[in-house]
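So you can see what is in the structure, the chains are spelled out below.
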Amino acid sequence: VLPNTIGCLVNLTTLDLGFNHLEHLPETIGNCTQLTTLDVQHNELIELPETIGNLKQLARLGIKYNRLTHIPISLSQCTNMDEFTIEGNCVSQLPDGLLSSLTNLSSITLARNQFISFPNGGPSQFTNVHVIILNKIMKFKKLKTNINYL
């Protein structure tokens, strides 16, 4: 269990909590406003706190291989993010406007989730993206989108 006092580390820039069997992050994680890298891959997270949107300096969020079923819309406030990796979760859709809000994204990994449709806005929202990884998403039903804009 990550203690609530993590929020006292207001000057922390990198936090790697991978492989710790964490089931949740405390709301106080949102107080670590200088974080540029948050890596919580290979845990047991079932949700992310809404306060994650307070991490406006966040450039890299690694949340792959957890048990997440949804991504909070507050993440759209992390506009400095350039790498978004949610591989290996149980996410079936992203909040409307999330990816189009993250205008600095250069790498998106959505692989191994339960998506039933391509994220709203289609590929045209990925103007700065160099890498998109979508492998092992068998449930896409609405992939009828124009990819000529990539």
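Use the structure listed above.
A quick note: this is a predicted structure, and the numbers were derived from the prediction, not measured.

### Details of the overall build of the chain
Inference 1: Looking only at helices and strands, one finds one helix and six strands in the chain.
Inference 2: When the helices and strands of the chain are placed in sequence order, the string is β-β-β-β-α-β-β.
Inference 3: Within the chain, buried positions represent 46% of all 150 residues.
Inference 4: Put simply, 33% of the contacts in the chain that link residues at least 6 apart link residues at least 24 apart.
Inference 5: Looking at the chain as shown, the accessible area adds up to about 7700 Å², and 50% of this sits on carbon and sulfur atoms.

### Section: the pattern of salt bridges
Inference 1: Summed over the entire model, instances satisfying the criterion amount to four salt bridges.
Inference 2: Between Glu83 and Arg60 there is a salt bridge whose closest N-O contact spans 3.4 Å. Of this pair, Glu83 sits in strand β4 (residues 83–85) while Arg60 sits in strand β3 (residues 60–62); the two residues are 23 residues apart in sequence, bridging distant segments of the chain.
Inference 3: Three or more residues are tied together by salt bridges with common partners; here these are Asp39, Arg60 and Glu83.

### Points about the nonpolar core
Inference 1: Residues Leu38, Ile71, Phe84 and Leu94 are the most contacted members of the largest nonpolar core, which totals 37 residues.
Inference 2: Those residues in contact with Phe84, other than ones at most four positions away along the chain, are Leu61, Ile71, Leu75, Leu94, Leu98, Leu99, Leu105, Ser107, Ile108, Thr109 and Leu110.

### Considering the sheet that holds strand β6 (residues 131–133)
Paired through backbone hydrogen bonds, the strands of a sheet run either parallel or antiparallel to each other.
Inference 1: Spatially, β1-β2-β3-β4-β5-β6 is the arrangement adopted by the six strands of the open sheet, whose pairing is parallel. Both outer strands of the open sheet, β1 (14–16) and β6, are each paired with one neighbouring strand and no more. Mean inter-strand twist for the sheet, computed between neighbouring axes without regard to direction, equals 5°.
Inference 2: As judged from the three bridges shared by β1 and strand β2 (residues 37–39), these two strands associate in the parallel manner. In the strand pairing of β2, Thr14 is matched with Thr37.

### Comments concerning the environment of Asp96
Inference 1: Here Asp96 is to be found in the loop between β4 and α1 (98–101).
Inference 2: A relative accessible area of 58% means that Asp96 is categorised as exposed.
Inference 3: As a C-alpha pair, Asp96 and Ser76 span 20 residues in sequence and 9.7 Å in three-dimensional space.

Quick notes on the rules
Residues numbered from 1 in each chain as written. Predicted model: local features only at pLDDT ≥ 70, side-chain atom pairs only at ≥ 80, totals over all residues. Heavy atoms only, no water. Helix = DSSP H or I, 4+ residues; strand = E, 2+ residues; numbered from the N terminus. Buried < 20%, exposed > 50% of the residue type's maximum accessible area, 1.4 Å probe, protein only. Contact = heavy atoms within 4.5 Å. Areas by Shrake-Rupley, 256 points an atom, 1.4 Å probe, with all protein chains shown as cover. Salt bridge = Lys/Arg side-chain N within 4 Å of Asp/Glu carboxyl O. Core = buried A, V, L, I, M, F, W, Y, C linked by side-chain atoms within 4.5 Å. Pairing = 2+ DSSP bridges. Axes fitted to C-alpha atoms, helices over the stretch in contact; angles between N-to-C directions.

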